[in-house]
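# Understanding the architecture of this molecule
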Amino acid sequence: MDDQLLQRFRDGDPGATVSLRNQLRTIAARVLSAPQWGLQDSGMLAALERKAAQAALASGADAAIALTEEVLVQAGAEGIELLRSREPLVGEGHPAAVDIARVASNTASAVQHARVESHNHDCKRCTHHLEILKAALRAATTAQPRPAQPSPAQAGPGRGPARPRSKPKPSEPRTARRRGGASKPGSAKLGAEEKPGLPWLAILASVAVLAGAIWRVQPSDEQRTWARAELLPVELPPSARADLYRGPAKRAISQLEDGNCRDSATTLHLQAKGTNDPYLHWYEGVAWVCARDGAKALEAMAQVSSLAGTDVPWGYNWWRAQALVLEGEDAKALVLLDQLAGSRHARGRDASALAGRIRDQ
């Protein structure tokens, strides 16, 4: 990640968008994969990575280092929210998770730092969460060198197996200093013989470079999906029939206008399950397309076809083609897109444009 890539993203370069977003997700994963969170669900991990990356992109950070710093903060905030969801906080006045994350990363303002420090003086739970995040950030921003292999001279006939060297005891981390002030009361001072650690921004830069290398060399399945998603137009799903429903279904369909696609899709999946209403399954399908989950979108749209037969909702083939693109089934997608492009359907021009992007990739 570098400032040039960030500028390309700002200029609307699709290639820069997917690369930058997935580099940020890789950095977020380093924080959220720390064992302190106890996060075993890969689907939840991916969702939290996406939220952290999206929040960082929306932050308006104007430099690569600032953006890297922001995604570490946002990932930490997601981790704290996860802990709070498992053990709800008692009482009021607890700092926002993002404020605790900024304190942990030493990027908080003086006001934020003072507020969190004052609250934590009497709140063991928030203090514990702060320490968990500090440990996760240290793990995320510390290089993990590969253990050296023993040389032939270390073992051989008559020598017996080489005795492994004992690992040096890691030094205690430096206490974060307040901006413009002294360190927290009671914090240990560095001795004259101790060497200072790497500057925080230098560590962030190293993580950003590492994330870029990982993204270029070993893109994950999730990263490949988002690369496929760059072919698709940025478009919110339809929600015109929301008033025909009540309760959670109505709210979920209405939320599509705000781009809350994954939450809406999850709610609609529960609402549509076991019903004979093809439109509930239809709205679930388009919500999954918006959330860039092609497999779940195709499952929902299969239910639409099963229930509605040939009388499928308007735009069905357009959204189904996008789901097929997300799943890498370009040949099937092109059949639908070419049919739309050759018809008088209002999505014909959009279909022609998407088919052209697929063939040009």
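The sections below set out a description of the structure shown in this document. Predicted model only: the values in this text are computed from it and were never measured.

What follows covers the overall build of the chain. When helices and strands are tallied, the chain shows 16 helices and 0 strands. Considering the chain as a whole, with its 361 residues, one finds that 42% of them fall into the buried category. Taking the intrachain contacts of the chain between residues at least 6 apart in sequence as the baseline, contacts between residues at least 24 apart amount to 62%. Surface summary for the chain: the accessible area is close to 20500 Å², and the carbon and sulfur share equals 52%.

A few words now on the packing of aromatic side chains. All told, the structure shown has 1 aromatic pair when counted by the stated rule. A centroid spacing of 6.4 Å and a plane angle of 35 degrees characterise the contact between Trp-282 and Tyr-316, whose relative ring orientation is tilted. With Trp-282 in helix 12 (residues 278-290) and Tyr-316 in helix 14 (residues 316-326), this residue pair connects regions lying 34 residues apart in the sequence. Both residues of the pair, Trp-282 and Tyr-316, belong to the buried class. Sitting over the face of the ring of Tyr-279, Arg-241 holds its NZ or CZ atom 3.7 Å from the ring centroid.

This paragraph deals with the nonpolar core. Counting 43 residues, the largest nonpolar core has Leu-268, Trp-282, Tyr-283, Met-301, Trp-318, Trp-319 and Leu-337 as its most contacted members. When sequence neighbours within four positions are dropped, the list of residues in contact with Leu-337 reads Trp-318, Ala-321, Ala-351, Leu-354, Ala-355 and Ile-358. In terms of nonpolar packing, the next biggest core, distinct from the first, is built from 40 residues, Ala-53, Ala-56, Ala-61 and Ala-140 among them.

Taken N-terminus to C-terminus, the directions of helix 12 and helix 13 (residues 294-308) make an angle of 155 degrees; their axes are 8 Å apart at the nearest point. Classified by the angle their axes make, helix 12 and helix 13 are roughly antiparallel. As helix 12 packs across helix 13, the resulting crossing turns out to be left-handed. Contact residues: helix 12 offers Pro-278, His-281, Trp-282, Glu-284, Gly-285, Val-286, Trp-288 and Val-289, while helix 13 offers Lys-296, Ala-297, Ala-300, Met-301, Gln-303, Val-304, Leu-307 and Ala-308. Here the contact of helix 12 with helix 13 is built from residues that sort into 11 nonpolar, 3 polar and 2 charged.

Linking two cysteines covalently through their sulfur atoms gives a disulfide. Taken as a whole and assessed by the stated rule, the structure comprises 1 disulfide. For Cys-261, the disulfide goes to Cys-290, at an S-S distance of 1.9 Å. When the S-S torsion is 50 degrees, as for the bridge of Cys-261 with Cys-290, the disulfide is right-handed. With Cys-261 in helix 11 (residues 261-272) and Cys-290 in helix 12, this pair connects stretches of sequence that are 29 residues apart. Cys-290 matches Cys-261 in its accessibility class, with the two residues each being buried. You can see Cys-126 has no disulfide; the closest cysteine sulfur is in Cys-123, sitting 3.6 Å from it.

Right, let's get into the environment of Ala-242. Tracing the backbone shows Ala-242 in the loop between helix 9 (221-229) and helix 10 (247-255). As for Ala-242 and Gln-255, which are separated by 13 residues in sequence, their C-alpha atoms are 9.5 Å apart.

Okay, the pattern of salt bridges next. This structure, assessed with the given rule, holds 10 salt bridges. Across the pair Arg-25 and Glu-49 runs a salt bridge, and its minimum N-O distance is 3.0 Å. Of this pair, Arg-25 sits in helix 2 (residues 14-32) while Glu-49 sits in helix 3 (residues 42-57), placing them 24 residues apart in sequence. Of the two residues examined, Arg-25 and Glu-49, each falls in the buried class. Note that Asp-99 is salt-bridged to Arg-115, the shortest N-O span being 3.7 Å. Taken together, the positions of Asp-99 in helix 5 (residues 97-104) and Arg-115 in helix 6 (residues 110-120) put the pair 16 residues apart, joining distant regions of the chain. On the basis of relative accessibility, which here comes to 12%, the residue Asp-99 falls in the buried class.

Taking 1.5 Å per residue as the helical rise, helix 11 with its 12 residues ought to reach 16 Å, and the 16 Å between its terminal C-alpha atoms agrees with that figure. Considered for burial, the residues of helix 11 that qualify are Cys-261, Ser-264, Ala-265, Leu-268 and Ala-272. End-on, the buried residues of helix 11 take up no more than an arc of 100 degrees, which puts them together on one face. Away from its buried face by more than 90 degrees, helix 11 exposes Asp-263 and Leu-270. Count one or two residues on from helix 11 and you reach Gly-274, which has phi positive near 80 degrees.

The subject of this paragraph is the environment of Leu-334. Mapped onto the secondary structure, Leu-334 falls in helix 15 (residues 330-341). Spatially, the C-alpha atoms of Leu-334 and Leu-324 are 9.2 Å apart, while their sequence positions differ by 10 residues. Leave out the neighbours within four places in its chain, and Leu-334 touches Ala-355, Ile-358 and Arg-359.

What counts, and at which threshold
Sequence order sets the numbering: in each chain, residues are counted from 1 along the sequence as written. In keeping with the predicted nature of the model, local features appear solely for residues at pLDDT of at least 70, side-chain atom pairs appear and are counted solely at 80 or more, and the whole-chain, interface and lining totals rest on all residues. Water and hydrogen atoms play no part in the side-chain values, which are based on all heavy atoms of the structure. Strands are runs of DSSP state E lasting at least two residues, helices are runs of H or I lasting at least four, and both sets are numbered from the N terminus onward. Relative accessibility under 20% of the residue-type maximum defines a buried residue, over 50% an exposed one, and the middle range a partly exposed one, all with a 1.4 Å probe and only protein chains included. Whether two residues touch is decided by their heavy atoms; if any such pair falls within 4.5 Å, the residues are in contact. For the accessible areas, the method is Shrake-Rupley and the probe is 1.4 Å, while residue cover comes only from the protein chains on display. Aromatic rings from Phe, Tyr and Trp, taking only the six-membered ring of Trp, are treated as a pair when their centres fall within 6.5 Å; an angle between ring planes under 30 degrees marks them as stacked, one over 60 as edge-to-face, and anything in between as tilted. Here, a charge over a ring is recorded when the distance from Lys NZ or Arg CZ to the ring centre is within 6 Å and its angle to the ring normal is within 35 degrees. Only buried residues count toward a nonpolar core, which is a set of Ala, Val, Leu, Ile, Met, Phe, Trp, Tyr and Cys residues joined through side-chain atoms within 4.5 Å. Between the N-to-C directions of two axes lies an angle of 0 to 180 degrees, each axis being a line fitted to C-alpha atoms and, for a helix, fitted only over the stretch in contact. Convention used here: angles under 35 degrees read as roughly parallel, angles over 145 as roughly antiparallel, angles from 65 to 115 as roughly perpendicular, and any remaining angle as oblique. Rotating anticlockwise by less than a right angle from the far helix to the near helix defines a left-handed crossing, while the corresponding clockwise rotation defines a right-handed one. Residues are grouped as follows: Ala, Val, Leu, Ile, Met, Phe, Trp, Tyr, Cys and Pro are nonpolar; Asp, Glu, Lys and Arg are charged; all remaining types, including Gly, are polar. In plain terms, two cysteine sulfur atoms within 2.5 Å form what is called a disulfide here. Think of a salt bridge as a Lys or Arg side-chain nitrogen and an Asp or Glu carboxyl oxygen that are within 4 Å of each other. Residue count minus one, scaled by 1.5 Å, sets the expected span of a helix. Each direction from the helix axis to a C-beta atom contributes to the arc, which is the arc of those directions.

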